[in-house]
Amino acid sequence: MTTPLLPNFFAGRWQTGADTGTPLFDPVLGTELTRVSNAGIDLAEGFAFARQQGGAALRALSYGQRAALLNQIVALLQANRDAYYEIATANSGTVAKDSAVDIDGAIFTLGYYAKQGAALGDATLLLDGERIRMAKDPAFQTQHIQVPTQGVALFINAFNFPSWGLWEKAAPALLSGVPVIVKPATATAWLTQRMVKDVVDAGVLPVGALSVICGSSAGLMDQLQPFDVVSFTGSADTARIIRSHRAVSELSVRCNIEADSLNSALLSPAATEGSEAFKLLVSEVVREMTVKSGQKCTAIRRIFVPRALYKAAALAIGAKLAKTTVGNPRNESVRMGALVSQEQKASVLAGLAQLKTEAAVLFDGNTAPLVDADASSACVAPVLLGTESPMSAQVLHTVEVFGPVATLMPYDSIDEAYTMIRRGEGSLVCSVYSEDPAFTAQASVALASSHGRVHAISPDVAALHSGHGNVMPMSLHGGPGRAGGGEELGGLRALNFYHRRTAVQGTSLALDQIAAQGAKLPI
Ligand code: NAP
């Protein structure tokens, strides 16, 4: 049976694609859920509408007023949470606690930006730094200001966070006064479309402030103009295409890339078997491998432990992973659901085969039966790999397997551990487990240049920490090198991407007038 097409909200109206579209599936049951298409839709019209109508309406508001709109979105999404969980179960194959990472994570992030934005009050521009004298006479000075860019923000998003991936970007964009066009990944586009639909139907935002276009990405980049911005999350291969597009290379369209990453966890050289640091690392590795079936860009892929603890760590991680029941997320005994699609299952199995050319299997959950799901589903159980010669490995430091897979590696000196961690060529996050604040500080600084975030864990923060892979809005998200070189979130730093910085050089009398419209960036 052919399922209905999801309409796109574009150019201020609902538009349905003109062909039969691409089907979305339940990754556990294999049933077709809905279809997406944007065939025949006038892309130029939609971009122009967002730029002109949506942009002008948003910029007519202050930061405080836009923050109030974010708060209304929070209330609306909260009211519809149950429907979002149902879509996530059906389309992403996630258990409720994994759906929460996406759905409640989004609501939390929106709420955070609503609060931060409210503090900017009636301002319509941002004052960046203090006034600087340009001459002996203070009448002539420079004030750096930031104003919202007069273009659209195009989001091309990945399949693993259809909710959070939209709102973690849209919150700072809308707060900045920049209209959003989101193109969700096809496999899980339904949740993104439904959330936009709820916001549009409730009339929360000015028309044109938020648009959704599902289905093919063809032609989207061609629409971008110099004052637009594009924020891409996805694979390194697609990132290359985005970066080399004329819009970026010739028109200087500002571009943020969040790509893949071989994130690490590092156990202190002073740790002993059964020490608190050891236990904290083991728990976090197991959590990271299994949350969202390992389909998190921030998940731990490589685990570095002192050589003396290699076998103990393998046993402890394997013992915990053995308790992870895998299968149909509708069964309450299931702890870990499916990968999002058959394509992802094939990709994970192929990646696993590649890693196995350099690593042995230390634990394989796939020997246990699935719960309420059969082998034809997209379920894959956790696999822990390991090698005793990680310094000579190549594939293990370069291939990201986007599923419940990690590799354990021993190190002989801390410098060797740092060297191997850096062979990820730039990652989103590294976590460090130690009971010694001096080592934690040293490791954090040593790893900072190759990571967007260092998550430094010790027993005193065991019950407080936010988790290796959880992206929190007050902290930076992104990473150098192969992680994409992008920056998102980080509190009000996120507004930078959607603003243009200008140095106004002129009479202090005019600068006084500008200052009256501005809020000082608190960072
Ligand atoms: P992907 O295949 O690169 O797709 C990402 C998005 O790009 C999708 O919306 C896709 O649309 C679109 N796309 C595909 N080809 C395109 C083209 N030629 N021009 C413009 N857009 C195009 O990546 P994915 O498989 O969805 O995501 C998994 C990857 O994302 C992993 O490597 C993961 O590490 C990374 N990721 C990174 C972060 C981060 O924050 N750093 C977060 C999540 C995921 P269709 O779906 O319609 O093809």
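Now for a look at the structure at hand.

Rules of the game
- Residues numbered from 1 in each chain as written.
- Predicted model: local features only at pLDDT ≥ 70, side-chain atom pairs only at ≥ 80, totals over all residues.
- Heavy atoms only, no water.
- Core = buried A, V, L, I, M, F, W, Y, C linked by side-chain atoms within 4.5 Å.
- Buried < 20%, exposed > 50% of the residue type's maximum accessible area, 1.4 Å probe, protein only.
- Helix = DSSP H or I, 4+ residues; strand = E, 2+ residues; numbered from the N terminus.
- Contact = heavy atoms within 4.5 Å.
- Near = heavy atom within 4 Å.
- Polar contact = N/O pair within 3.5 Å; in protein donor to acceptor, adjacent residues only side chain to side chain.
- Areas by Shrake-Rupley, 256 points an atom, 1.4 Å probe, with all protein chains shown as cover.
- Nonpolar A, V, L, I, M, F, W, Y, C, P; charged D, E, K, R; others polar.
- Disulfide = S-S within 2.5 Å.
- Expected span 1.5 Å × (residues − 1).
- Pairing = 2+ DSSP bridges.
- Axes fitted to C-alpha atoms, helices over the stretch in contact; angles between N-to-C directions.

## A short note on the nonpolar core
Part 1 of the reasoning: Ile-73 and Trp-167 are the most contacted members of the largest nonpolar core, which has 62 residues in total.
Part 2 of the reasoning: Listed by contribution, the elements that provide at least two residues to this core are helix H2 (63-79), helix H3 (81-92), helix H4 (96-118), strand S7 (153-156), helix H5 (164-176), strand S8 (180-183), helix H6 (189-201) and strand S9 (210-212).
Part 3 of the reasoning: Non-local contacts of Ile-73, meaning those with residues more than four positions away in its chain, are made with Leu-110, Trp-167, Leu-174, Val-199, Val-204 and Leu-205.
Part 4 of the reasoning: Core analysis: the second largest hydrophobic core is formed by 28 residues, Leu-355, Ala-393, Leu-396 and Ile-414 among them.

## Observations regarding the site of the ligand
Part 1 of the reasoning: Around the ligand there are 26 residues in total, and Asn-157, Thr-186, Ser-235, Thr-238 and Glu-400 lie nearest to it.
Part 2 of the reasoning: Contact distances for the ligand include 2.5 Å between an oxygen atom and a side-chain N or O atom of Thr-186.
Part 3 of the reasoning: Within the side chain of Glu-400, an N or O atom sits 2.8 Å from an oxygen atom of the ligand.
Part 4 of the reasoning: Computed on the free molecule, the ligand has an accessible area of 910 Å², of which 81% lies beneath the protein chains in the complex.
Part 5 of the reasoning: Secondary structure elements with two or more residues in the shell around the ligand: strand S10 (229-233) and helix H7 (236-243).
Part 6 of the reasoning: Per element, the largest residue contribution to the shell around the ligand is three residues, and it comes from H7.
Part 7 of the reasoning: Among the residues forming the shell around the ligand, the class breakdown is twelve nonpolar, ten polar and four charged.

## Concerning the state of the cysteines
Part 1 of the reasoning: Taken as a whole and assessed by the stated rule, the structure comprises zero disulfides.
Part 2 of the reasoning: The thiol sulfur of Cys-255 is not disulfide-bonded, and the nearest other cysteine sulfur, from Cys-297, lies at 16 Å.
Part 3 of the reasoning: Unpaired in terms of disulfides, Cys-430 finds its nearest cysteine sulfur in Cys-297, a separation of 15 Å.

## Describing H6
Along an α-helix, residues three or four positions apart point the same way, because every turn accommodates 3.6 residues.
Part 1 of the reasoning: The terminal C-alpha atoms of H6, which comprises 13 residues, lie 18 Å apart, in line with the 18 Å expected from a rise of 1.5 Å per residue.
Part 2 of the reasoning: Where H6 is concerned, the buried positions are Ala-189, Leu-191, Thr-192, Gln-193, Met-195, Val-196, Asp-198 and Val-199.
Part 3 of the reasoning: Among the residues trailing H6, Gly-203 stands out with phi positive, at a value near 65°.

## Examining the sheet that holds strand S14 (residues 360-364)
Part 1 of the reasoning: Spatial strand order, S14-S15-S16-S13-S12-S17-S18: seven strands in an open sheet with mixed pairing. Both outer strands of the open sheet, S14 and strand S18 (451-457), are each paired with one neighbouring strand and no more. Mean inter-strand twist for the sheet, computed between neighbouring axes without regard to direction, equals 20°.
Part 2 of the reasoning: In the packing of helix H12 (residues 414-422) onto the sheet, contacts are made with strand S12 (263-267), strand S13 (300-306), strand S16 (405-411), strand S17 (427-433) and S18, and the angle to S16 comes to roughly 150°.

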